[in-house]
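Now for the letters of each chain:
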Amino acid sequence: MLLHSAIAAAARLFTGVRRLPCTPQNEPLAIYYANHTSHLDTLVIWAALPGPVRVITSPAAAEDYWNASALRRWLAHRIFRAVLIPRERIQRDNHPLDRLASCLQAGRSILIFPEGTRRSDGKVGVFKSGLFHLARRFPEVPLVPIYLDNLSRILPKGAYVPVPIIAQAHFREPIYFDASEAKPAFLDRARLALLG
Amino acid sequence: MDSDLKFLLLLVGALLLTASLIGWILSRRVRSEAGRVTVANLNARIRSWWVMVAVFSASLLLGQAFTTVLFALLSFLAMREFITLNPTERADHEVLFWAFFIILPLHYLLVGLCWYGLFAIFIPVYAFVFIPFRRVLSGETRGFLSSTARIQWALLVCVYAVSHIPMLLALPLRGFEGQNAKLLFFFVLTAQLSDVLQYVWGKTCGRRPVAPLVSPHKTLEGTLGGIGTTVLISTSLWWATPFAPWQAALMALLICLAGFFGGLVMSAIKRDLGAKDWGASIAGHGGFMDRIDSLCFAAPLFFHLCSFYFAESDPRPPDWVFSWLGR
């Protein structure tokens with residue numbers, strides 16, 4: 001626990017991201033979703049969550065990237081308690097949505113990046129449909145948008161070293177699934193809520 | 001330990017105690033909504049002052065090494081705010097890494113070694129030349145001049161200028177050996193007091209804006225009142241400096257004027273970049289750069305005048321530095 005707090009504090013100190021006093025939603029369980037700009041995104045959102053919320057939140061993370069070295073594996077499993085998601089050769093038995101759904105069923109919040117990949121231009125791209133399918137399966141769980149600002153300048157795609165620019169994680173008001181809404185309309189609404 | 005310095009620091013403590021008391025009384029008596037906001041901001045400023053004064057005093061009492069590290073940290077945080085507000089490009093990334101993690105620490109190493117000769121040219125010559133060299137390797141030509149200029153400015157203002165403050169500790173002042181901490185204190189006190197008193201005068205009887213387009217809250221009354229009072233107070237501290245009273249008055253005036261214009265320049269840059277504050281790190285004040293903007297431009301000027309008129313020579317590193325480098 002102490003190690004978790006120390007890592008979170010170091011991440012906040014380096015990126016300038018502030019810790020939230022409390023989450024924007026009332027209940028502890030939530031689906032957090034954010035724009036994806038750098039390898040630091042998961043770490044920074046995880047560090048911005050209040051301590052008690054942080055320990056019950058599992059970020060979704062790319063299996064190939066986070067299993068690639070001992071340090072990343074240790075971070076993903078022991079520190080973030082991440083849900084590792086395959087990006088290639090997706091079949092029925094390793095489907096990302098099932099892994100995320102079982103995490104939510106177990107009472108843990110999740111964090112996903114609905115654009116699917118990192119953008120290098122600082123803009124927010126089109127959302128893939130994963131967020132819609134998850135929201136439909138858990139209509140009562142609040143969807144909390146997080147807009148990440150400036151993180152791509154700290155560690156842009158292709159860079160090996162970070163630069164200490166001040167970044168921000170803006171937690172927006174939660175949105176909810178609406179059964180009468182079609183997929184494209186829902187994804188648009190979710191994207192606009194994130195842009196704020 | 002210098003008992004004069006302790007006395008001066010206690011004096012600042014007493015001043016802050018008075019300010020806290022006044023702030024508390026104001027918060028009990030203020031009625032209007034606008035007044036409440038102003039007083040809340042005032043009290044946040046005073047609380048932040050306690051922290052800043054405590055950190056500054058501790059490092060000054062702990063000696064040159066601690067003071068150098070403190071100002072290195074301050075430079076780092078100020079440059080971080082400066083670069084964050086500037087629209088840097090992907091092609092600047094590696095250059096910025098050099099600026100933050102290699103040029104800045106090396107420059108402060110020169111402060112720690114008291115190596116004035118290299119200190120004076122390290123950023124204006126070596127870094128100036130290196131930054132476009134590294135940037136050109138990226139192959140990106142769009143925005144080349146503005147990008148390199150932004151980074152050179154960042155280093156000059158946030159690192160080079162600020163580092164003249166701890167370098168004051170290394171000046172071999174005639175008849176003032178071992179008491180340089182008081183000179184540093186005189187400089188920082190004058191610059192900060194000038195800011196505070198300009199704020200106080202401006203809030204109480206400021207009417208005519210002095211630079212409405214650059215810094216709308218600065219008034220003629222605030223500026224003149226603040227600078228006048230600061231020069232009076234700083235002159236009364238001449239006994240703790242290598243200056244005669246009239247010299248202390250001129251030095252204080254120089255610090256105030258350079259501080260005033262420095263504040264305006266940083267304000268103009270801020271507005272050019274579309275921001276009101278440099279950051280939000282110090283409650284009530286804004287960012288670190290908002291607190292030290294008036295020091296930036298005054299520090300090198302004050303250093304050079306002290307060095308020219310009051311020092312035996314420029315600061316020199318210990319002999320082992322040159323022999324270790326094979327000279």
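Numbering of residues begins from 1 in every chain and follows the order in which that chain's sequence is written. All chains are assigned letters beginning with A, and all ligands numbers beginning with 1, in the order in which they are written. Confidence filtering applies because this is a predicted model: local features only for residues at pLDDT of at least 70, side-chain atom pairs given and counted only at 80 or more, and all residues used for totals across whole chains, interfaces and linings.

**Notes on the overall build of chain A**
What chain A contains, in helices and strands, is 9 helices and 6 strands. Restricting the calculation to C-alpha atoms gives the radius of gyration, and the globule rule supplies 2.2 Å times the number of residues raised to the power 0.38. By the compact-globule yardstick of 16 Å for 196 residues, chain A fits well, its C-alpha radius of gyration being 16 Å. Counting only C-alpha atoms and orienting by the principal axes, one finds that chain A spans roughly 45 × 35 × 35 Å. Partly exposed residues are those falling between the two cut-offs: more than 12 but fewer than 20 other C-beta atoms within 10 Å of their own, whereas 20 or more means buried and 12 or fewer means exposed, with C-beta atoms placed from the backbone. Relative to its 196 residues, chain A shows a buried fraction of 39%. In this description, any two residues whose backbone-derived C-beta atoms lie within 7 Å of each other are considered to be in contact. The contacts of chain A with a sequence gap of at least 6 include a subset with a gap of at least 24, amounting to 69%. Counting from the N terminus, the helices are DSSP H or I runs at least four residues long and the strands are E runs at least two residues long.

**Focus on unusual backbone geometry**
All names here are of chain A. In this structure, Arg 81 is a non-glycine residue whose phi angle is positive, near 50°. The exposure class of Arg 81 is partly exposed, given the 17 C-beta atoms found within 10 Å. For Asn 150, which is not glycine, the phi dihedral falls at a positive 80°. By secondary structure assignment, the location of Asn 150 is in the loop between strand S5 (143-149) and helix H8 (151-154).

**Topic: the pairing of S5(A)**
Residues and elements named next belong to chain A. For S5, a buried count of 5 out of 7 residues is recorded, marking the element as mostly surrounded by other parts of the structure. Two strands form a pair only when DSSP identifies at least two bridges running between them. Relative to S5, strand S1 (residues 31-34) runs parallel, the two being bridged by 4 bridges. Each bridged residue has a counterpart across the sheet, and for Tyr 33 the counterpart in S5 is Pro 145.

**Observations regarding the confidence of the model for chain A**
pLDDT: the predictor's confidence for each residue, scored from 0 to 100. Looking at chain A, pLDDT values average 90 and 97% of them are 70 or higher. At the low end of the mean pLDDT range in chain A sits helix H4 (residues 63-66) of chain A, at 87; at the high end sits S1(A), at 95.

**Examining the sheet that holds S1(A)**
Residues and elements named next belong to chain A. If you walk across this open sheet you meet the 6 strands as S3-S2-S4-S1-S5-S6, and the pairing is mixed. The outermost strands of the open sheet, each flanked by one partner alone, are strand S3 (83-85) and strand S6 (168-171). Ignoring which end each strand starts from, the neighbouring axes of this sheet average 25° apart. Lying over the sheet, helix H2 (residues 41-48) contacts S1, strand S2 (57-62), strand S4 (109-112), S5 and S6, oriented at roughly 175° with respect to S2. For every element, the axis is a line fit to its C-alpha atoms; helices are fit only across the contacting stretch, and the angle between N-to-C directions ranges from 0 to 180 degrees.

**Topic: the interface of chain A and chain B**
Contacts between the two partners involve 9 residues from chain A, matched on the other side by 11 residues from chain B. Three residue categories are used. Nonpolar comprises Ala, Val, Leu, Ile, Met, Phe, Trp, Tyr, Cys and Pro, charged comprises Asp, Glu, Lys and Arg, and polar comprises the others, including Gly. Of the residues belonging to the side of chain A that touches chain B, the class tally is 7 nonpolar, 1 polar and 1 charged.

**Observations concerning H2(A)**
H2(A) sits mainly inside the fold: 8 of its 8 residues count as buried. If you check which residues of H2(A) are buried, you get A:Asp41, A:Thr42, A:Leu43, A:Val44, A:Ile45, A:Trp46, A:Ala47 and A:Ala48.

**Comments concerning the packing of helix H4 (residues 93-112) of chain B against helix H6 (residues 144-167) of chain B**
All names here are of chain B. Contact geometry of H4 with H6 gives a least axis separation of 11 Å together with a crossing angle of 20°. In terms of orientation, H4 and H6 fall into the roughly parallel class. Crossing handedness for the pair H4 and H6: right-handed. Along the contact surface, H4 presents Val 95, Leu 96, Ala 99, Ile 103, Leu 104, His 107, Tyr 108 and Val 111, while H6 presents Ile 151, Ala 154, Leu 155, Val 159, Ser 163, Pro 166 and Met 167. For the contact of H4 with H6, the residue count by class is 13 nonpolar, 2 polar and no charged. Relative orientations are named as follows: roughly parallel for angles under 35 degrees, roughly antiparallel for angles over 145 degrees, roughly perpendicular for angles from 65 to 115 degrees, and oblique for any other angle. Here a crossing is called left-handed whenever its near helix is offset anticlockwise from the far helix by less than a right angle, and right-handed whenever the offset is clockwise.

**Thoughts on the pairing of S1(A)**
Residue and element names in this part refer to chain A. Neither face of S1 is exposed, since Ile 31 and Tyr 33 on one face and Tyr 32 and Ala 34 on the opposite face are all buried. Of the pairings in the sheet, the one linking S1 to S4 comprises 3 bridges and is parallel in character. Paired with Tyr 32 across the bridge in S4 is Leu 111.

**Re the nonpolar core**
The nonpolar core is taken to be a set of buried Ala, Val, Leu, Ile, Met, Phe, Trp, Tyr and Cys residues joined by way of C-beta atoms within 7 Å. In this structure, A:Ile31, A:Val44, A:Ile45, B:Ala78, B:Leu155, B:Val162 and B:Phe187 are the most contacted members of the largest nonpolar core, which totals 134 residues. Among the elements that line this core, the one with the most residues is helix H7 (residues 180-205) of chain B, at 12 residues.

**Some points on the environment of A:Ala47**
Residues and elements named next belong to chain A. Residue position: Ala 47 is located in helix H2. What makes Ala 47 buried here is the crowd of 24 C-beta atoms within 10 Å. C-alpha of Ala 47 to C-alpha of Thr 23: the two residues are 24 residues apart in sequence and 13 Å apart in space. Those residues in contact with Ala 47 that sit more than four places away from it in its chain are Ala 8, Ala 11, Arg 12 and Val 17.

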